[in-house]
Amino acid sequence: MTGVSIDIGNMTTRIAKYFFILTICIYATSIMFGWMNANVDSYFYWAIGEYFRSGMYPFTAPFIYTKPTTISPPLYGLFFILTHSISRSDILLHALQLGLLAMTSLLLYRMLRLYLQKPWAIIVSCLFALFPVNLVYASYVLTEIPAQFFVMLMVYLITMGIVKKQPFPISLAVFVISVAGLMKYNLMIYMPFTALLLFLFRRKMKFRDMVFPILAGIILGSWVLLNHAITGVWGLYDTKGTQLYNQFVAQTKLLPPENNPAVIRMRSLLPPGTDIAVAYWDIQQYLGWSLHSVWHDIDTVLFDVAWASVKTHPVEYLAHSVQNFARMHYGNAPHWTNIGNMGRTDVTGGTNIPYCETLDSVTMCAPVIMTVWSYPVWNAFIRTELKLFQMLSPFAFYLVLLPALVVSLLWATALSRIYAVIYLIGTIPIALTIHVDPRYIVPFYPIACLLIITSGKIVMEALVAIFSPVARRMR
């Protein structure tokens with residue numbers, strides 16, 4: 001039996017090495033033969049950066065307003081400023097995002113070593129690094145992969161603080177979240193949570209442990225002031241109504257009564273007979289014409305109707321949000337499907353054709369080395385990835401992740417419970433306020449991986465405890 005155990009251990013070590021080498025090879029291949037992709041949201045990240053660089057916000061129809069909008073967080077836009085004079089900065093951005101994905105996987109490995117032997121921790125981390133959705137978003141001009149890194153870094157620092165019973169790592173986590181919130185606004189939800197954890201260590205705190213929370217406060221306060229100077233709105237950004245409108249009104253078609261003041265107000269701004277149970281972008285141009293293209297006023301009208309709809313149908317809203325929580329894990333494609341149409345001449349329609357132009361010096365669809373098989377291989381990869389996601393993601397949620405959440409909350413260790421709480425803090429607000437899109441949970445993939453591993457270990461240990469006495473009696 002000992003010889004068998006040694007052989008299995010050696011085999012696992014060899015497999016881990018193969019996975020590690022494979023990961024390096026795929027990343028190197030991706031940098032040389034891959035490229036960056038973009039969708040409409042990418043434009044707004046570039047636009048806020050262009051505003052900071054030039055003082056002019058590059059509006060494009062129908063998104064034309066009297067003031068710049070901070071609908072997109074500012075931090076990603078800084079990349080466009082810093083690389084404005086660099087030719088083909090898309091190559092740098094691609095390498096940077098692959099590097100962040102690799103660093104996220106490394107931090108995940110460090111976490112998994114608390115629960116798994118080294119070879120298994122390497123294998124799981126490499127599988128995470130090679131997860132197709134992660135690889136796709138590493139080639140997107142979007143914030144999902146940087147946000148994923150910040151979330152993983154926060155979890156790592158919180159874990160180190162709890163394991164070592166020291167406040168400093170958690171203090172640093174507070175600062176990390178303040179920066180992360182300027183990369184993706186919804187990550188700011190973790191600020192109260194990390195601050196509460198730090199407060200629990202207050203008796204051990206020294207002056208150095210207060211430095212990072214103070215810096216975090218300065219960063220957030222400065223951005224709130226800057227946002228007000230740009231948009232005239234107090235807060236992190238100037239948008240609150242569009243997401244809730246899409247989440248509830250557009251998806252459920254449930255409206256307040258026609259005599260509700262919010263509905264009367266909206267109807268007065270739209271052509272008679274306009275269907276308002278639609279996504280906000282289908283009516284925003286009409287609202288813009290009536291409200292002189294003041295984005296905050298447009299957003300307020302949308303929010304007022306959405307909030308009135310929630311108050312009118314509270315039970316339906318809660319039921320819909322629960323359904324949203326499930327469906328955002330599998331309800332749509334994890335990204336725009338048009339990026340699987342590279343180089344095709346038989347595709348028509350604006351949304352079906354990938355965006356292959358430039359955002360400043362970021363060129364899309366252009367690898368470092370172009371070959372005759374570059375586009376066909378990529379398209380085949382995207383088709384396969386989408387089919388597997390659509391086929392497997394419902395099972396992954398209902399049979400793996402959801403049980404992992406339940407086990408972690410009810411029977412796991414304190415750390416596993418914290419991971420579950422962190423996952424729910426990040427994802428429940430998305431379910432409550434944003435339309436179904438699996439893209440929005442990409443930043444929380446590392447936590448999902450931790451939950452699956454830690455809860456799986458608990459279940460395995462419980463099964464061994466149950467069946468070992470039975471096996472001994474049978475012998």
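In case you missed it, the structure is sitting above this.
Think of a ball as big as a water molecule: rolled over the atoms, this probe shows where empty space is left. Roughly 730 Å³ of volume is contained in the second largest pocket. For the second largest pocket, the lining is made up of 25 residues, of which Phe131, Ala396, Tyr445, Ala448 and Ile452 are closest to its centre. Mapped by element, the contributors of at least two residues to the lining of the second largest pocket are helix H5 (118–129), helix H6 (132–138), helix H16 (374–410) and helix H18 (445–474). When residues of the lining of the second largest pocket are assigned to their parent elements, the largest contribution, 10 residues, is made by H16. Residues of the lining of the second largest pocket, tallied by class, amount to 22 nonpolar, two polar and one charged.

The grouping of Phe395, Tyr398, Leu399, Val400, Leu402, Val406, Leu409, Leu410, Trp411, Val421 and Ile452 at the surface amounts to a nonpolar patch, some 1000 Å² of accessible area in total. The greatest single-element share of the nonpolar patch, amounting to eight residues, is contributed by H16. Within the secondary structure, leucine 410 sits in helix H16.

Glancing now at the side chain of serine 105. Mapped onto the secondary structure, serine 105 falls in helix H4 (residues 89–112). On the basis of relative accessibility, which here comes to 6%, the residue serine 105 falls in the buried class. Beyond its immediate sequence surroundings of up to four residues, serine 105 is in contact with Ser125, Phe128 and Ala129.

With that settled, the discussion passes to helix H12 (residues 261–269). Those residues of H12 lying buried are Ala262, Val263, Met266 and Leu269. Viewed end-on, H12 has its buried residues packed into an arc of 125 degrees, placing them on one side of the element. The exposed residues of H12 that point more than 90 degrees off its buried face are Pro261 and Ser268. If you follow the buried residues of H12, they end up packed against helix H11 (241–252), helix H13 (284–290) and helix H14 (295–312). For H12, the capping residue at the N-terminal end is asparagine 260, with a side-chain oxygen 2.9 Å from the backbone nitrogen of alanine 262.

A word on the nonpolar core. Within the largest apolar cluster, 139 residues are counted, with the highest numbers of intra-cluster contacts made by Val155, Tyr245, Tyr423 and Ile447. Tallying contributions element by element places helix H7 (residues 144–164) first for this core, with 13 residues. The residues touching tyrosine 423, leaving out its near neighbours within four places in the chain, are Phe325, His329, Leu401, Leu405, Ile441, Phe444, Ile447, Ala448 and Leu451.

Looking now at empty space enclosed by the protein. Tallied over the entire structure, the rule returns one cavity of 30 Å³ or more. Within this model, the largest cavity holds a volume of roughly 50 Å³. In terms of lining, the largest cavity is formed by Ile31, Gly34, Trp35, Met36, Arg88, Asp90, Ile91, His94, Ala366, Pro367 and Val368. The element that contributes the greatest number of residues to the lining of the largest cavity is H4, accounting for three residues. For the lining of the largest cavity, a count of residues per class yields seven nonpolar, two polar and two charged.

Attention now moves to helix H15 (residues 314–327). For H15, with 14 residues, the first-to-last C-alpha span of 20 Å sits near the 20 Å given by 1.5 Å per residue. For H15, every residue scored as buried is listed here: Tyr317, His320, Ser321, Asn324, Phe325 and Ala326. Residues of H15 that are buried sit in contact with H11, H14, H16 and helix H17 (414–433).

So, about unusual backbone geometry. Of note, histidine 292 is a non-glycine position whose phi angle comes to about 60 degrees, a positive value. Position of histidine 292 relative to the elements: it lies in the loop between H13 and H14. The exposure class of histidine 292 is exposed, given its relative accessible area of 62%. In this structure, aspartate 360 takes a positive phi of about 60 degrees despite not being glycine. With respect to the helices, strands and loops of the structure, aspartate 360 is situated in the loop between strand S1 (358–359) and strand S2 (362–363). Here aspartate 360 falls in the partly exposed class, since its relative accessible area comes to 26%.

Before going further, it helps to examine the packing of aromatic side chains. Scanning the model with the defined rule gives 32 aromatic pairs in all. Ring geometry for tyrosine 65 versus tryptophan 295: centroids 4.9 Å apart, planes at 40 degrees, classification tilted. Taken together, the residues tyrosine 65 in the loop between helix H2 (40–54) and helix H3 (77–82) and tryptophan 295 in helix H14 connect sequence positions 230 residues apart. An aromatic cluster of three or more residues is present, and its members are Tyr51, Phe52, Tyr57, Phe59, Tyr65, Trp223, Tyr280, Trp281 and Trp295. One cation-aromatic arrangement involves arginine 202 over phenylalanine 199; the distance from NZ or CZ to the ring centre is 4.3 Å. Taking NZ or CZ as reference, arginine 208 lies 4.4 Å from the ring centre of phenylalanine 168, over its face.

Attention shifts here to the state of the cysteines. In total, this model carries one disulfide according to the counting rule given. The thiol of cysteine 449 is unpaired, and the distance to the nearest cysteine sulfur, on cysteine 126, comes to 12 Å.

Below, the discussion takes up the packing of H15 against H17. Orientation of H15 relative to H17, taken along the N-to-C sense of each, is 125 degrees, at an axis distance of 8 Å. Relative to H17, H15 is oriented oblique. Read as a crossing pair, H15 and H17 show a hand that is right-handed. Contacts between H15 and H17 involve Tyr317, Ser321, Asn324 and Phe325 from the former and Tyr423, Leu424, Thr427, Ile428, Ala431 and Leu432 from the latter. Class assignment for the residues of the contact of H15 with H17 results in seven nonpolar, three polar and no charged.

Below, the discussion takes up the pattern of salt bridges. For the structure shown, the criterion picks out eight salt bridges. One salt bridge in this structure joins arginine 439 and aspartate 41, with 2.6 Å as the shortest N-O distance. Within this pair, whereas arginine 439 is found in the loop between H17 and H18, its partner aspartate 41 is found in helix H2, the two being separated by 398 residues in sequence. Aspartate 41 gets classed as partly exposed once you look at its relative accessible area, which sits at 25%. One salt bridge in this structure joins glutamate 144 and lysine 184, with 2.8 Å as the shortest N-O distance. Taken as a pair, glutamate 144 in helix H7 and lysine 184 in the loop between helix H8 (168–180) and helix H9 (190–200) lie far apart in primary sequence, 40 residues in all. Per residue, the accessibility class of glutamate 144 equals that of lysine 184, and both read buried. Within this structure, Asp41, Glu144, Lys184 and Arg439 form a network of salt bridges that share partners.

Criteria and thresholds
Residues numbered from 1 in each chain as written. Predicted model: local features only at pLDDT ≥ 70, side-chain atom pairs only at ≥ 80, totals over all residues. Heavy atoms only, no water. 1 Å grid on protein atoms, 1.4 Å probe; cavity = no way out; pocket = protein on both sides within 12 Å on 5 of 7 lines; lining within 4 Å. Points joined across faces, edges and corners; volume = space filled by probe spheres on them. Helix = DSSP H or I, 4+ residues; strand = E, 2+ residues; numbered from the N terminus. Nonpolar A, V, L, I, M, F, W, Y, C, P; charged D, E, K, R; others polar. Patch = residues over 30% accessible without salt bridge, like charges linked within 9 Å, V, L, I, M, F, W, Y side chains within 5 Å. Areas by Shrake-Rupley, 256 points an atom, 1.4 Å probe, with all protein chains shown as cover. Salt bridge = Lys/Arg side-chain N within 4 Å of Asp/Glu carboxyl O. Buried < 20%, exposed > 50% of the residue type's maximum accessible area, 1.4 Å probe, protein only. Contact = heavy atoms within 4.5 Å. Arc of directions from axis to C-beta. Polar contact = N/O pair within 3.5 Å; in protein donor to acceptor, adjacent residues only side chain to side chain. Core = buried A, V, L, I, M, F, W, Y, C linked by side-chain atoms within 4.5 Å. Expected span 1.5 Å × (residues − 1). Phe/Tyr/Trp six-rings, centres within 6.5 Å; stacked < 30°, edge-to-face > 60°. Lys NZ or Arg CZ within 6 Å of the ring centre and 35° of its normal. Disulfide = S-S within 2.5 Å. Axes fitted to C-alpha atoms, helices over the stretch in contact; angles between N-to-C directions. Parallel < 35°, antiparallel > 145°, perpendicular 65-115°, else oblique. Left-handed = near helix turned anticlockwise from the far one by under 90°.

Purely geometric stuff here, so don't read any function into it on its own.
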